[in-house]
Amino acid sequence: MIVQEHLPTKLFKDRTVFVTGGGSGINLGVARNFAALGANLAICGRTQDKPDAAAVELRALSAHAGGKVLAVAADVRDYAAVQAAFARTRSEVGPIDVLVCGAAGNFLCPAEGLSPNGFKTVVDIDLLGSFHASRAAFEQLKETRGCIIFISAGQAFVPMAYQVHVAAAKAGIDIMMKNLAIEWGRHGIRTHSIVPGPIEATEGMRRLSSPEMEKGKKAVIPLGRYGTVDDIGQAAVFLASPLASYITGVVLCVDGGSNLVGSALWNTMVEKMDLQRR
Ligand code: HXC
């Protein structure tokens, strides 16, 4: 992580960051960057094991600032579970300053083969789950004049084959984010979406890509490389920091320009993939 070389390592000391789905992948990368800058962290996942494992490294990273770390089991589809997780966070760690809505689900499926429940499942995790978290955190964010960062996707604005469910969910997240920016701005609450490009070594890449596609795709990304989880973490830290205090309602692409080139390559290659393995 390079964030400590560029920002004060106690920038988020005594600030509490809650990351849904924070036990792995991009979301854990985001949590790590905040921890390195001294934040208290609370993370949740559907089961207790992943957040528990992630909490060990987060504790080590934030120890220099006396950071506290809480790991809880909560499925973002269950509003009562999210409320309970946030209540525990408030009492054991502190009121939430930054909410990162990162919990997501995805798989590749042609629209004509997608069951209504498959579509609903992804919308429930990504979109409804993000609303649950935002709604449940509102009172704490109002108190802290905090911010929300949604982890969105290029599918929200670039149509991509076999992704109709995630496209609907992520487009919903981005417009919800803008609605919340105008409604909650008066409370000092800022809202943002980050759109990651292809991020190496993540579950999303394992599910959504193939070695053949990876080779072709890298060649067309304007910046010529895949992203890292730290690329996303750095953007999140910036948006949550005082450096971004007059920014709200934005969709920030952290994708090396990959969404600029469209989905033609994806659409051709996805048809050749073995969907049984995903
Ligand atoms: C077609 C599928 C499917 C598949 C599940 N379904 N997988 N349909 N192709 N590969 C259908 C099921 O048949 C079922 O519908 C419905 O979806 C619910 O499936 P369950 O397995 O019961 O749901 P659940 O256990 O809640 O699992 C949620 C999940 C799963 C999203 C479906 O894939 C999951 O838990 N994933 C783990 C998290 C994840 O996906 N990580 C990657 C994140 S990457 P029926 O009709 O049969 O009842 C990411 C990036 C997004 O999200 C942005 C893109 C860059």
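Chemist: Mind showing me how you'd approach the packing of helix α4 (residues 79-92) against helix α5 (residues 116-144) here?
Modeler: Axis angle and axis distance: for two packed helices, these are the angle between their axes and the distance between the axes, and together they describe the pair. Between α4 and α5, whose axes approach to 8 Å, the crossing angle comes to 25°. With respect to their mutual orientation, α4 and α5 come out roughly parallel. In this structure, α4 meets α5 at a crossing whose hand is right-handed. Residues Tyr79, Val82, Gln83, Phe86, Ala87 and Arg90 of α4 touch α5, and the partners they reach there are His132, Ala133, Arg135, Ala136, Ala137, Gln140 and Glu143. Considered class by class, the residues forming the contact of α4 with α5 number seven nonpolar, three polar and three charged.

Chemist: Please explain the pairing of strand β5 (residues 147-151) as it appears in this structure.
Modeler: In the case of a regular strand, side chains alternate between the two sheet surfaces. Burial runs high along β5: five of the five residues are buried. Residues Cys147, Ile149 and Ile151 of β5 are buried on one face, and the alternating residues Ile148 and Phe150, pointing to the opposite face, are buried as well. Once the chain exits strand β4 (residues 96-101) it traverses α5 before rejoining the sheet at β5, and the crossover so formed is right-handed. Taken together, the five bridges between β5 and strand β6 (residues 190-196) define a ladder with parallel strand orientation. Within β6, the residue paired with Phe150 across the bridge is Ser193. Since β5 and β6 lie parallel, the crossover through helix α6 (residues 164-184) that links them has a hand, and here it is right-handed.

Chemist: So what exactly am I meant to see when it comes to the site of the ligand here?
Modeler: Neighbouring the ligand are 19 residues, the closest being Arg46, Arg77, Ser115, Asn117 and Arg207. Interatomic distance of 2.9 Å between a side-chain N/O atom of Arg77 and an oxygen atom of the ligand. In the environment of the ligand, an oxygen atom lies 3.0 Å from a nitrogen or oxygen atom belonging to the backbone of Asn106. Here the ligand, which alone exposes 1,100 Å², has 61% of that area covered by the protein.

Chemist: For this particular structure, what's the right way to read the packing of helix α2 (residues 25-36) against helix α9 (residues 229-240)?
Modeler: At a minimum axis distance of 8 Å, the contact between α2 and α9 shows a crossing angle of 50°. By the angle between their axes, α2 is oblique relative to α9. Crossing hand, α2 versus α9: right-handed. For the pair α2 and α9, contact is made by Gly25, Ile26, Gly29, Val30, Arg32, Asn33 and Phe34 and by Val229, Asp230, Ile232, Gly233, Gln234, Ala236, Val237 and Ala240, respectively. Across the contact of α2 with α9, the residue classes tally to eight nonpolar, five polar and two charged.

Chemist: Help me understand the packing of aromatic side chains, please; the structure alone is not making it clear to me.
Modeler: The description of two aromatic rings rests on the distance between their centres and on the angle between their planes. Taken as a whole and judged by the stated rule, the model has three aromatic pairs. With a centroid separation of 4.6 Å and an interplanar angle of 75°, the aromatic rings of Phe18 and Phe86 are classed as edge-to-face. Of the two residues, Phe18 is situated in strand β1 (residues 16-20) and Phe86 in helix α4; the sequence distance between them amounts to 68 residues. Consider the rings of Phe138 and Trp184, whose centres lie 4.6 Å apart with planes at 45°: the pair is tilted. A residue pair is termed long-range when its members are at least 10 positions apart, and Phe138 in helix α5 and Trp184 in helix α6 qualify at 46 residues. Owing to a relative accessible area of 12%, Phe138 belongs among the buried residues under this scheme.

Chemist: Sorry, what's going on with the environment of Gly188 here?
Modeler: In this fold, Gly188 is placed in the loop between α6 and β6. Along the sequence, Gly188 and Cys147 sit 41 residues apart, while their C-alpha atoms lie 8.2 Å from each other. Apart from residues no more than four positions distant in its own chain, Gly188 is found in contact with Arg145 and Gly146.

What counts as what
Residues numbered from 1 in each chain as written. Predicted model: local features only at pLDDT ≥ 70, side-chain atom pairs only at ≥ 80, totals over all residues. Heavy atoms only, no water. Axes fitted to C-alpha atoms, helices over the stretch in contact; angles between N-to-C directions. Helix = DSSP H or I, 4+ residues; strand = E, 2+ residues; numbered from the N terminus. Parallel < 35°, antiparallel > 145°, perpendicular 65-115°, else oblique. Left-handed = near helix turned anticlockwise from the far one by under 90°. Contact = heavy atoms within 4.5 Å. Nonpolar A, V, L, I, M, F, W, Y, C, P; charged D, E, K, R; others polar. Buried < 20%, exposed > 50% of the residue type's maximum accessible area, 1.4 Å probe, protein only. Right-handed = clockwise from strand over helix to strand, strands pointing away. Pairing = 2+ DSSP bridges. Near = heavy atom within 4 Å. Polar contact = N/O pair within 3.5 Å; in protein donor to acceptor, adjacent residues only side chain to side chain. Areas by Shrake-Rupley, 256 points an atom, 1.4 Å probe, with all protein chains shown as cover. Phe/Tyr/Trp six-rings, centres within 6.5 Å; stacked < 30°, edge-to-face > 60°.

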